[in-house]
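The chain contents come next:
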Amino acid sequence: QSLAGSSCVRLVEQHRSAWCFALLVLGYLLYLVFGAVVFSSVELPYEDLLRQELGKLKQRFLEEHSCLSEQQLEQFLMRVLEASNYGVSVLSNASGNWNWDFTSSLFFASTVLSTTGYGHTVPLSDGGKAFCIIYSVIGIPFTLLFLTAVVQRIIVYVTRRPVLYFHIRWGFSKQVVAIIHAIVLGFITVSCFFLIPAAIFSVLEDDWNFLESFYFCFISLSTIGLGDYVPGEGYNQKFRELYKIGITCYLLLGLIAMLVVLETFCELHELKKFRKLFYVKKDKEEDQVHIMEHDQLSFSSISDQAASMKDDQKANEPFVTSQSPTSNDSSLNN
């Protein structure tokens, strides 16, 4: 039994990464199922009530307007819903808001490149759809490159240098300083890009409360972009163009701040150790081959450099002449 137990422990240790990865996959699937169960149990009753309410309204409308058939009403509603999916409303209080003026188009371009994609405004024409594909194929990698470069520069001044300063100047443990710094940075980011903007949106948007505004900030900066709440679409929105530009700047800055916080937490020593549990470990033979190839390349490059330096030295010595081997032999015989 002791031999069997030791062999099982040895087997688990040898394939520890595979077991951890299997548990990770199982945990992720269970989390998906858990979310589906909760959403279904919470939202399904509200959907049923809404369906019943709409059915009663439709039946009452047909009874009050007997000259209108149900088929005609269905066709009208289908056309209205189709236009609403493209961001065009038939309501009189929404007729003044254009979806494709410059500021709205700028806001749409920012949501496309940041992969937020609210879906409240989509291209109508075939040319617009084709351009959106080409624009996204080029723009999304360009955006990732831009965000990576910006975050890499910001994190040096925001995370690494402050942690090293407190570690070297005050002698605190680097791990403890990094954890405290990550918590403080996360709190500042939540305050500046979630709580304060949510309070501002709850004032500027007539139909939004604080929870709905905070919900919009989270859905936007996490690039989920459900599109159920979109700012600047209200009736007679004051300074709508300037408001749209401000929201575009907020989304870009907030996305950068979120990436900085995520990178700061990913650099924590504890999280690095936790992530390594699920990675595939390299074989020692592969590491040795890699080291040997690296050493061979380095030695060959050094020898090539030495040979080229000798050739340069010979070329730079015009007064030194090389003697032929016959003259050397004659001098030795003499």
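Residues numbered from 1 in each chain as written. Predicted model: local features only at pLDDT ≥ 70, side-chain atom pairs only at ≥ 80, totals over all residues. Heavy atoms only, no water.

### Looking at the confidence of the model for the chain
In step 1: Taken over all residues, the pLDDT of the chain has a mean of 80, while the share at 70 or more is 77%.
In step 2: Long-range and interchain partners of residues 294-306, a stretch whose pLDDT sits below 50, account for zero contacts in this model, where long-range means more than four residues apart.
In step 3: Scored below 50 in pLDDT, residues 314-334 makes one contact in the model with residues more than four places away or belonging to other chains. (pLDDT = per-residue confidence, 0-100. Contact = heavy atoms within 4.5 Å.)

### Remarks on the environment of Gln175
In step 1: Here Gln175 lies in helix α6 (residues 174-204).
In step 2: Along the sequence, Gln175 and Val163 sit twelve residues apart, while their C-alpha atoms lie 9.0 Å from each other.
In step 3: Once residues within four sequence positions are removed from consideration, Gln175 is found in contact with His269 and Glu270. (Helix = DSSP H or I, 4+ residues; strand = E, 2+ residues; numbered from the N terminus.)

### Structural notes on the layout of surface pockets
In step 1: By volume, the second largest pocket amounts to about 280 Å³.
In step 2: Every residue lining the second largest pocket is counted, 14 residues in all, and those nearest its centre are Val163, Lys174, Ala178, Glu267 and Leu268.
In step 3: Within the residue set of the lining of the second largest pocket, elements represented by two or more residues are α5 (126-169), α6 and α9 (269-276).
In step 4: Counting residues per element, the lining of the second largest pocket draws most heavily on α6, at five residues.
In step 5: Each residue belonging to the lining of the second largest pocket can be placed in one class, and the counts come to five nonpolar, five polar and four charged. (1 Å grid on protein atoms, 1.4 Å probe; cavity = no way out; pocket = protein on both sides within 12 Å on 5 of 7 lines; lining within 4 Å. Points joined across faces, edges and corners; volume = space filled by probe spheres on them. Nonpolar A, V, L, I, M, F, W, Y, C, P; charged D, E, K, R; others polar.)

### Focus: the packing of aromatic side chains
In step 1: Summed over all chains, the structure comprises 14 aromatic pairs.
In step 2: Centroid distance Phe201 to Phe216: 5.2 Å. Interplanar angle 85°. Geometry classified as edge-to-face. Pair noted here: Phe201 is in helix α6 and Phe216 is in helix α7 (residues 210-221), with a separation of 15 residues, a long-range link.
In step 3: Put simply, the rings of Phe107, Tyr118, Phe201, Trp208, Tyr215, Phe216, Tyr229 and Tyr250 pair up and form one aromatic cluster.
In step 4: A cation over a ring is seen here: Lys244 above Phe107, with NZ or CZ 4.5 Å from the ring centre. (Phe/Tyr/Trp six-rings, centres within 6.5 Å; stacked < 30°, edge-to-face > 60°. Lys NZ or Arg CZ within 6 Å of the ring centre and 35° of its normal.)

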